[in-house]
Structure formats: C-alpha cells, structure tokens
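Examining the three-dimensional arrangement
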Amino acid sequence: MAKKAVLIGINYPGTKIELKGCVNDVHRMHKCLVDRYGFAKKDITVLIDTDKSYTQPTGKNIRRALSELITPAKSGDVLFVHYSGHGTRVPLEEGDEDDTGFDECIVPCDMNPIPDDDFRDLVDQVPEGCKITFVSDSCHSGGLIDGAKEHIGESTNKNRNQEPKAHFFELEILNFFYNVLMKLFAFCGIWSSHEEPDKIEITARYEVGKSRYLPMESFINVLKEKTGKDNIEIGKIRPTLFDVFGEDASPKVKKFIKAMLTKLDQSGFVGKVEGSALESGREIYRGGSSSGLVPDRGILLSGCQTDETSADVKKGGEAYGAFSNAIQMVLLEGGERDKITNRELVLRAREMLKEQGFTQRPGLYCNDRFVDAPFIC
C-alpha cells in the first residue's frame, strides 16, 4: 500500500493579496504526515511560493502534481491533498447547475483558478479500492468537490433553504466586532490572548492582505496586473483566462470556449452570437462538467462553508490557518496512536473554532462509507 500526498501552500508574496500562514500550514502538515501517518518524505510533493527551490504552485503545476498523484494510483493506496491559500467563487455560466449555486475555486499563485468541477474530474479518476482525502483551508471551500454528498455542513442549496444563513459579509462583520471587543478587553486588562505562549491569537480576516477570502474584484485586479489587460470584467473572465493560459487553463474554461466557438460556427459568421457574444465578452457556456453523481472515492474536509470565509490565527508568533491549526490540535488531543474518524475530526474542529470565537463552520463531503472511516488512514 502506497501513501502519497500533495501539499499546496500559497502566500502570494509581494502582491496586494499576500497571506502569511499558508506555507506554515504545509510545513506543519508535512511533519504530521511523516511522524503520525508514516508517509515517506519522497512520496510527499510540496508546492509553495515563498521558496524558489520548490515547485511553484501555478495552476499548471498544481494540476500536474494532482494528476501525477492520481494516475499511477492502485487499489489500496492512500492519497492526500492539503491546500492553504485564497479561495473564491464565481457565478455559474448560463444553464449550468451546482448544488451550492456557484463555482468554488482555489486560486494558484498565477491567478489560473481551479474550480470544483476540475476536482470532481480528478476524483472520478481515482481507481477502485483507493481513496483520496482533500483538506482545503480556504474561503468558500464547502463544495469544492462538485457533487459530493454533504454530511456535515450547510453549503448545498437544499440545506440553505432549510436553514437560512447570514451572508458571508455579515459573518465577516461578526468576526470584526469580536476581535475589536477582545482587543478592548486586552487593553483594559480584562482579557489577554497572550497569557500563555501556546494559546492562539485570532487575526481579523478583514485586514487587507490577511484574508483568505479573495473578492472577485480583487481577483480581477491581480489578473489585470499579471496579464497587462485592462478590459477584464466579470463576464469576460473565462475568455481572458483562456487567452492568457491557453491549454493550461481549467478544463471547464476550455469547454466554455469550445461551446462558444461551436455557437459561433452555427451562427454562420463571427461576431453574431445572441447579440455578439465575443464582442461583448458575455459568457454563453451552457453546461458543466459535473455528471451529478456522488464521488465514491473522494473525501473533502473544508475549512468553512461555500458562503463563508476562513480565518487565520497566530500561535507562538507564527501565523496558521484556523482550520489547519484546529486539525493539528484535535489530532494532538487524541494522542499519537489513536485514530480519529473524519466525522469526529470535523465535529471537534467545529467545536474548537466556535470556542475560540470563529464563525466559520468546517464541513465534511464524501460517500457514506467514508464518514466514520479514519482520517487519512
């Protein structure tokens, strides 16, 4: 039985969207995999953007690493992926469907996003008898494997209709006022987050450059900087991504372009597609890649729900993702040899984050048979 992993940490150094704790999350998880789960260092691929000696976490490199993780896998193998970085979500194309109502994406360092449909396609390639566990400590990570069955969470349309939730901006405001209140208590000597060196300090996610939430406006601005194109708008993102990244773009982006070209060909001449779609840049792709089936071999542990943001913490002067930190603390609580199930890990992480004052709610998405299976292996 082989144990292999891909760990991705993106701090976006030198940009307006720079983060601090994502690479630390990767190093910490690397040590956990080796010391606790018996992974060989040679079987762990690390992609980070703070050290040029490592493979850089571009969209192309991340897709290649994930493909190289899955392609040679055999029955009985254990596969693991950890992502820490920015997350975003974009509106669906016309006629597309998704349980969450959006395309959740991770954001590589070159702004070549990888949507939930792509992760679904990857999971579908995992061979029978093998399983792959994803941990995504990023904003909007609920539903990152398209079509996965939600066991713990509130991200799907069905659950949102049953239990209305505050918009994620409202949740950010709650985090903001919590941090202001804690700082006021600390100033007055009523409470301090530094009473003990091993306690954590909550870092407000509204601070510029410290949030793992990447608004679409910020994504577009960084994309403009990296491409030199000034005419990028909400309805022109996918054509621009294909123009910039070509064959290295997301398969979903390429399917959109193919659909657009097919529509153009059917129209008889370029420029006359339902009001000149190419000229206006309006996206007319009419179908997603999801087959609607529940991924049988994929397990997603998300740091939050699809409409929530993921927070950072400071521990011992170092920044980490709140969810990544909670995972390590829960594993430590259980002892070095005790196995904890996916359900137990997510529920305990939820409790822990709530106790610490966070509003984000981790989720679990997988086939029924993996709910009470041991985390990783």
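Described in the following lines is the structure provided in the data block. Since the model is a prediction, treat every value here as computed from it, not as a measurement.

Reading the values: the criteria
- Residues numbered from 1 in each chain as written.
- Predicted model: local features only at pLDDT ≥ 70, side-chain atom pairs only at ≥ 80, totals over all residues.
- Heavy atoms only, no water.
- Helix = DSSP H or I, 4+ residues; strand = E, 2+ residues; numbered from the N terminus.
- Buried < 20%, exposed > 50% of the residue type's maximum accessible area, 1.4 Å probe, protein only.
- Contact = heavy atoms within 4.5 Å.
- Salt bridge = Lys/Arg side-chain N within 4 Å of Asp/Glu carboxyl O.
- Phe/Tyr/Trp six-rings, centres within 6.5 Å; stacked < 30°, edge-to-face > 60°.
- Pairing = 2+ DSSP bridges.
- Axes fitted to C-alpha atoms, helices over the stretch in contact; angles between N-to-C directions.
- Core = buried A, V, L, I, M, F, W, Y, C linked by side-chain atoms within 4.5 Å.
- Parallel < 35°, antiparallel > 145°, perpendicular 65-115°, else oblique.
- Left-handed = near helix turned anticlockwise from the far one by under 90°.
- Nonpolar A, V, L, I, M, F, W, Y, C, P; charged D, E, K, R; others polar.

1. Thoughts on the overall build of the protein
The number of helices and strands found in the protein is 11 helices and 13 strands. The burial tally for the protein puts 54% of its 377 residues in the buried class. A separation of at least 24 residues holds for 74% of the contacts in the protein among residues at least 6 apart in sequence.

2. Remarks on the pattern of salt bridges
Applying the stated rule across the entire model yields 17 salt bridges. In this structure, Asp368 and Lys149 form a salt bridge, with 2.9 Å as the shortest nitrogen-oxygen distance. Placement of Asp368 in the segment after strand S13 (363-366) and of Lys149 in the loop between strand S7 (131-137) and strand S8 (150-152) is noted, with a sequence separation of 219 residues between them. Where Arg361 meets Glu308, a salt bridge forms, and the shortest distance between an N and an O atom there is 2.7 Å. Of this pair, Arg361 sits in the loop between helix H11 (342-355) and S13 while Glu308 sits in the loop between strand S10 (298-302) and strand S11 (312-315), and the two are 53 residues apart along the sequence.

3. Details of the packing of aromatic side chains
Enumeration over the complete set of coordinates arrives at three aromatic pairs. Seen from their ring centres, Tyr37 and Phe375 are 6.2 Å apart, and the 80° between their planes marks the pair as edge-to-face. Here the residue Tyr37 occupies a position in the loop between helix H1 (22-35) and strand S2 (44-48), and Phe375 occupies one in the segment after S13, the gap between them amounting to 338 residues. Across the pair, Phe375 and Tyr37 agree in class, each one buried. When the centroid spacing of 6.1 Å and the interplanar angle of 90° are considered together, the rings of Phe80 and Phe375 count as edge-to-face.

4. Some thoughts on the pairing of strand S3 (residues 78-84)
In terms of burial, S3 is a largely internal element, seven of the seven residues being buried. What you see with S3 is no split at all: Val78, Phe80, His82 and Ser84 on one side and Leu79, Val81 and Tyr83 on the other are buried throughout. Sheet topology note: the strand S1 (residues 3-9)/S3 ladder contains seven bridges and is parallel. When the sheet's bridge partners are listed, Ala5 is paired in S3 with Phe80. The sheet contact formed by S3 and S7 spans seven bridges and is parallel. Bridging from a neighbouring strand, Val78 pairs with Lys131 of S7.

5. Some details on the sheet that holds S7
Here seven strands make up an open sheet; going across it, the order is S2-S1-S3-S7-S10-S13-S8 and the pairing mixed. Unpaired on one side and paired on the other, S2 and S8 mark the two borders of the sheet. Along the sheet, successive strands turn relative to each other by an average axial angle of 15°, direction set aside. Inspection of the sheet shows S8 paired to S13 by two bridges, in the antiparallel sense. Bridged to Glu150 within S13 is Tyr365.

6. Overview of the environment of Asn231
By the element assignment, Asn231 lies in the loop between helix H6 (216-227) and helix H7 (237-245). Residues Asn231 and Ile220, 11 residues apart in the sequence, show an inter-C-alpha distance of 9.8 Å.

7. Side note on the nonpolar core
By size, the foremost hydrophobic cluster in this structure holds 48 residues, and its most contacted members are Phe119, Ile132 and Phe219. For this core, the secondary-structure elements that each account for two or more residues are S1, helix H2 (59-70), S3, strand S5 (102-106), helix H3 (116-124), S7, H6 and H7. When sequence neighbours within four positions are dropped, the list of residues in contact with Phe219 reads Val107, Met111, Pro113, Leu214, Ile237 and Leu241.

8. Brief notes about the pairing of S13
With burial as the criterion, each face of S13 is covered, one bearing Gly363 and Tyr365 and the other bearing Leu364 and Cys366. Two elements, S10 and S13, share four bridges in a ladder whose sense is antiparallel. Note that in S13 the partner of Ile299 across the bridge is Cys366.

9. Considering the packing of helix H10 (residues 322-333) against H11
Remark: H10 packs on H11, axes separated minimally by 9 Å, with the N-to-C direction vectors making an angle of 115°. Here H11 runs roughly perpendicular to H10, going by the angle between their axes. For the pair H10 and H11, the sense of crossing is right-handed. Between H10 and H11, the residues in contact are Ala322, Phe323, Ala326, Ile327, Met329, Val330 and Glu333 and Leu345, Arg348, Ala349, Met352 and Leu353, respectively. By residue class, the composition of the contact of H10 with H11 is 10 nonpolar, no polar and two charged.

10. Concerning the packing of H6 against H7
Running from amino to carboxyl end, H6 crosses H7 at an angle of 30°, the nearest separation of the two axes being 12 Å. With respect to H7, the element H6 is oriented roughly parallel. Seen along the crossing, H6 lies across H7 with a hand that is left-handed. In this structure, H6 uses Met216, Phe219, Ile220, Leu223 and Thr227 to contact H7, whose residues at the interface are Ile237, Thr240, Leu241 and Val244. In the contact of H6 with H7, the residues fall into seven nonpolar, two polar and no charged.

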